[in-house]
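# A look at the structure
If you want the building blocks of each chain, they are given just below.
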Amino acid sequence: MIAGMYEQTFIAYMIFGLILNFVFSMLFGLYLSKNIGMKEMIESKGDKEQSLWVSLSLFIPYAKMAVTLYRVAVLQFFFLNKGYSHKEFWIYMTHTHKREN
């Protein structure tokens, strides 16, 4: 048993979580490309790598989907509600930021 459920059930939850993540990620990507433009996204993409916890979240059911929904919330609450654009969010997500003291 894994986390109180049989292995087959756990694997089924994992697969369903990955499918939901794929759907949410695709919809979020389509939403961003509609508002920014595919050419603009390619030209302004940075070289920021995903953190280790995002990569490891693939192995926890629904965690990767929760990360995608967290990014949607960041876009809405910290960018769009404060008057920033979708492009500024894209730059924030794809560029490494250095703190100034």
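Here the structure is shown first, and the text comes after it.
Bear in mind the structure is a predicted one, so any value in this text is a computation, not a measurement.

This part is about the overall build of the protein chain. Secondary structure summary: the protein chain contains 5 helices and 0 strands in total. Evaluated residue by residue, the protein chain yields a buried proportion of 25% over its 101 residues. In the protein chain, the share of contacts with a sequence separation of at least 24, taken over all contacts with a separation of at least 6, comes to 65%. Summed over its atoms, the accessible surface of the protein chain is roughly 7700 Å², and 65% of this surface lies on carbon and sulfur atoms.

Nonpolar side chains collect at one region of the surface, where Ile11, Ile15, Ile19, Phe22, Val23, Met26, Leu27 and Leu30 lie side by side and expose about 770 Å² of accessible area between them. As for its placement among the helices and strands, Met26 is situated in helix α1 (residues 7-36).

Looking now at the packing of helix α4 (residues 63-79) against helix α5 (residues 86-94). Put simply, α4 and α5 touch, their axes get as near as 10 Å, and they point 125° apart. Judged on the interaxial angle alone, α5 and α4 are oblique. In terms of crossing hand, the pair formed by α4 and α5 is right-handed. In this structure, α4 uses Arg71, Val74, Leu75 and Phe79 to contact α5, whose residues at the interface are His86, Glu88, Phe89, Tyr92 and Met93.

Relative to the 24 Å expected for 17 residues at 1.5 Å per residue, α4 spans 23 Å between its end C-alpha atoms, a close match to the ideal helical length. Every buried residue of α4 is listed here: Ala63, Lys64, Met65, Val67, Thr68, Val74, Leu75 and Phe79.

What follows deals with the packing of α1 against α4. Here α1 crosses α4 at 25°, and the two axes come no closer than 8 Å. As far as their axial angle goes, α4 and α1 are roughly parallel. Here the hand of the crossing between α1 and α4 comes out left-handed. Contacts from Gly17, Leu20, Asn21, Phe24, Ser25, Phe28, Tyr31 and Leu32 in α1 reach Lys64, Met65, Thr68, Leu69, Arg71, Val72 and Leu75 in α4.

With that settled, the discussion passes to the nonpolar core. Note on soluble globular proteins: their nonpolar side chains tend to be buried together. Phe28, Leu32, Ile36, Met41, Val74, Leu75, Phe79, Phe89 and Trp90 form the largest nonpolar core, which has 9 residues in total. Those elements that place two or more of their residues in this core are α1, α4 and α5. If we ignore the near neighbours within four places in the chain, the residues touching Leu75 are Phe28, Tyr31, Leu32, Leu80, His86 and Phe89.

Let's shift gears to the side chain of His86. Within the secondary structure layout, His86 lies in helix α5. In this structure His86 comes out as buried when scored by relative accessible area, which is 13%. Aside from chain neighbours lying at most four places away, what touches His86 is Tyr31, Leu32, Asn35, Ile36, Leu75 and Leu80.

The next subject is the side chain of Ser33. Tracing the backbone shows Ser33 in helix α1. Residues in contact with Ser33, not counting those within four places in the same chain, are Met38 and Met41.

Reading guide: rules and limits
Residues numbered from 1 in each chain as written. Predicted model: local features only at pLDDT ≥ 70, side-chain atom pairs only at ≥ 80, totals over all residues. Heavy atoms only, no water. Helix = DSSP H or I, 4+ residues; strand = E, 2+ residues; numbered from the N terminus. Buried < 20%, exposed > 50% of the residue type's maximum accessible area, 1.4 Å probe, protein only. Contact = heavy atoms within 4.5 Å. Areas by Shrake-Rupley, 256 points an atom, 1.4 Å probe, with all protein chains shown as cover. Patch = residues over 30% accessible without salt bridge, like charges linked within 9 Å, V, L, I, M, F, W, Y side chains within 5 Å. Salt bridge = Lys/Arg side-chain N within 4 Å of Asp/Glu carboxyl O. Axes fitted to C-alpha atoms, helices over the stretch in contact; angles between N-to-C directions. Parallel < 35°, antiparallel > 145°, perpendicular 65-115°, else oblique. Left-handed = near helix turned anticlockwise from the far one by under 90°. Expected span 1.5 Å × (residues − 1). Core = buried A, V, L, I, M, F, W, Y, C linked by side-chain atoms within 4.5 Å.

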